[in-house]
Amino acid sequence: MIRGVFRMRVWAPVGVLTSLTYCLHQRRVALAEPQEAHSRHPVDRNLLELKMVQVVFRHGARSPLQPLPQEQSQQVEWNPQLLEVPPQTQFDYTVTNLAGGPKPCSPFDSRYHETPLKGGVFAGQLTKVGMQQMFALGERLRKNYVEDIPFLSPTFNPLEVFVRSTNIYRNLESTRCLLAGLFQRQKEGPIIIHTDEASSEVLYPNYQNCWSLRQRTRSRRQAASLQPGISEDLKKVKERMGIGSSDEVDFLMLLDNVAAEQVHSLPSCPALKRYAQMIEQRAVDTALYMLQREDRESIQLAVGPFLHVLENNLLRAVDPATPPSKIRKLYLYAAHDVTLMPLLMALGIFDHKWPPFAVDLTMELYQHQESKEWFVRLSYHGEEQVPKGCPEGLCPLDKFLNAMSAYALSPEKYHRLCSQAQAIELGGTE
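Cut-offs and rules
- Residues numbered from 1 in each chain as written.
- Predicted model: local features only at pLDDT ≥ 70, side-chain atom pairs only at ≥ 80, totals over all residues.
- Heavy atoms only, no water.
- Disulfide = S-S within 2.5 Å.
- Helix = DSSP H or I, 4+ residues; strand = E, 2+ residues; numbered from the N terminus.
- pLDDT = per-residue confidence, 0-100.
- Contact = heavy atoms within 4.5 Å.
- Buried < 20%, exposed > 50% of the residue type's maximum accessible area, 1.4 Å probe, protein only.
- Pairing = 2+ DSSP bridges.
- Salt bridge = Lys/Arg side-chain N within 4 Å of Asp/Glu carboxyl O.
- Phe/Tyr/Trp six-rings, centres within 6.5 Å; stacked < 30°, edge-to-face > 60°.
- Lys NZ or Arg CZ within 6 Å of the ring centre and 35° of its normal.
- Core = buried A, V, L, I, M, F, W, Y, C linked by side-chain atoms within 4.5 Å.

A. Focus on the state of the cysteines. Tallied over the entire structure, the rule returns two disulfides. One disulfide in the model links Cys 210 with Cys 418; its S-S distance is 2.1 Å. Here Cys 210 and Cys 418 share a disulfide; its torsion about the S-S bond, -100 degrees, makes the bridge left-handed. Of this pair, Cys 210 sits in the loop between β4 (192–195) and α6 (211–224) while Cys 418 sits in helix α14 (residues 411–429); the two residues are 208 residues apart in sequence, bridging distant segments of the chain. Between Cys 390 and Cys 395 runs a disulfide, and the two sulfur atoms are separated by 2.1 Å. A torsion of -75 degrees about the S-S bond marks the disulfide between Cys 390 and Cys 395 as left-handed.

B. Highlighting the confidence of the model for the protein chain. Mean pLDDT over the protein chain works out to 89, with 88% of the residues at or above the 70 mark. Low confidence marks residues 1–19, where pLDDT is under 50. Its contacts with residues over four positions away, or in another chain, come to 21 contacts. Note on residues 423–430: pLDDT under 50 across the span, and one contact to partners over four residues away in sequence or across chains.

C. Structural context of the pairing of strand β1 (residues 48–58). Within β1, nine of the 11 residues are buried, leaving the element largely enclosed by the surrounding structure. Strand direction decides the pairing type here: β1 and strand β6 (residues 360–368), joined by nine bridges, are antiparallel. Counted as the bridge partner of Val 53 is Glu 364 from β6.

D. Geometry of the pattern of salt bridges. In total, this model carries 18 salt bridges according to the counting rule given. The closest approach of N and O atoms between Arg 176 and Glu 173, which form a salt bridge, is 2.9 Å. In this pair, Arg 176 and Glu 173 both sit in helix α5 (residues 169–183), three residues apart, roughly one turn of the helix. Each member of the pair, Arg 176 as well as Glu 173, is classed as buried. One continuous salt-bridge network, built from bridges that share partners, spans Arg 45, Glu 364, Arg 377 and Glu 384.

E. A look at the packing of aromatic side chains. Enumeration according to the criterion identifies six aromatic pairs in this entry. Plain terms: the ring middles of Tyr 145 and Phe 151 are 6.4 Å apart, the flat faces sit at 65 degrees to each other, and that makes the pair edge-to-face. In this pair, the class of Tyr 145 matches that of Phe 151, namely buried. Plain terms: the ring middles of Phe 162 and Tyr 331 are 5.9 Å apart, the flat faces sit at 50 degrees to each other, and that makes the pair tilted. Residue Phe 162 is found in strand β3 (residues 161–165), and its partner Tyr 331 is found in strand β5 (residues 330–335); the two are separated by 169 residues along the sequence. Judged by relative accessible area, Phe 162 falls into the partly exposed class, the value being 22%. On the basis of relative accessibility, which here comes to 4%, the residue Tyr 331 falls in the buried class. One aromatic cluster in this structure is built from Phe 162, Phe 306, Tyr 331 and Tyr 333. Directly above the ring of Phe 91 sits Lys 187, whose terminal nitrogen or CZ lies 5.8 Å from the centroid.

F. Layout of the nonpolar core. By size, the foremost hydrophobic cluster in this structure holds 70 residues, and its most contacted members are Leu 254, Leu 314, Leu 361 and Phe 400. A total of 11 residues in this core trace back to one element, the largest contributor, which is helix α11 (residues 296–318). Of all hydrophobic cores here, the second largest spans 37 residues; its members include Val 95, Leu 126, Met 131 and Leu 330.

Here is the structure:
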């Protein structure tokens, strides 16, 4: 009961945007014809004014989430020196819940601390390498939006920047490092990182909160390892590594370890190193089998509520009735690889590679200074992308929103879909 009340309170501010979404949809339809006519002519990018930027990024390099079941002598040593904090990344911040109250507890961090790795480092900890990666990403964003274009203030201004992260320490610390690079450790006000309870978080596929997603994913992950090709390759790698056939190891777990070891230049098991490329490809195959691109509802349940948040930020920005105090120039979202993969699939830009540490998906909103039309430009890992349903990289806003709407889920529809299968199953057992 308390959880239900809390969920309603968290979602309430988003829910009031339903009418705004409808009104702007009507406006979008009305603008569609002139935009179609305009799209036949190349858009002069020099006449575009940047209005808003949204950046979704994966945290920096970390230790593995769990060690492989190998002999202790074969395991890589994770020395605590790997966790040293580079001085240039230091930047004070405060964490609150979405309503500005106290930071919620993190069940994930508690779990990671119960998993020590050989050498003394805990599972899932952001490392010095990861901090440097995030600082470098911040510096790239500074070049784009402070130096090349005078869009953001050179120092952090809370009136310009909204920051949200999953409530996991490596993500909070990654955000700190990014902000330190972006603003060179200069600020005009307090840095607040907003986060949510694990039970209602939308910045990752929420298996705890969504019964339907949990059921689909659990069965598909088990079935993925039995698929032709994946099954044979998994058996071969486990044998070469001396991992027992009964040990529950799949390509997702193998990739997690090999990626972490390689980025830190640690001496991986020879077999793990030898098959690194194949392990990544089979991990992608496993994830695609679990999500199943043709099953639109699985992708909706994974990232639909987050797409709804990103969509509403765009809608608020183009609505002339929105008070300036309700819009930020920059929205930062610290997420995970399991967030980015379905996001990229929903947008039609997935490159069939596992999202690397510190990768960013950036969404820029522009307005044409003469025609007053709106456009979106999407980039991934710093490279411009052509989203599904868009004629080119610079996409008319109505086309971009139409593509997003196939996967975006309002809070109400999300909760209905999440509990739908459970209600049917419970109904059938009575």
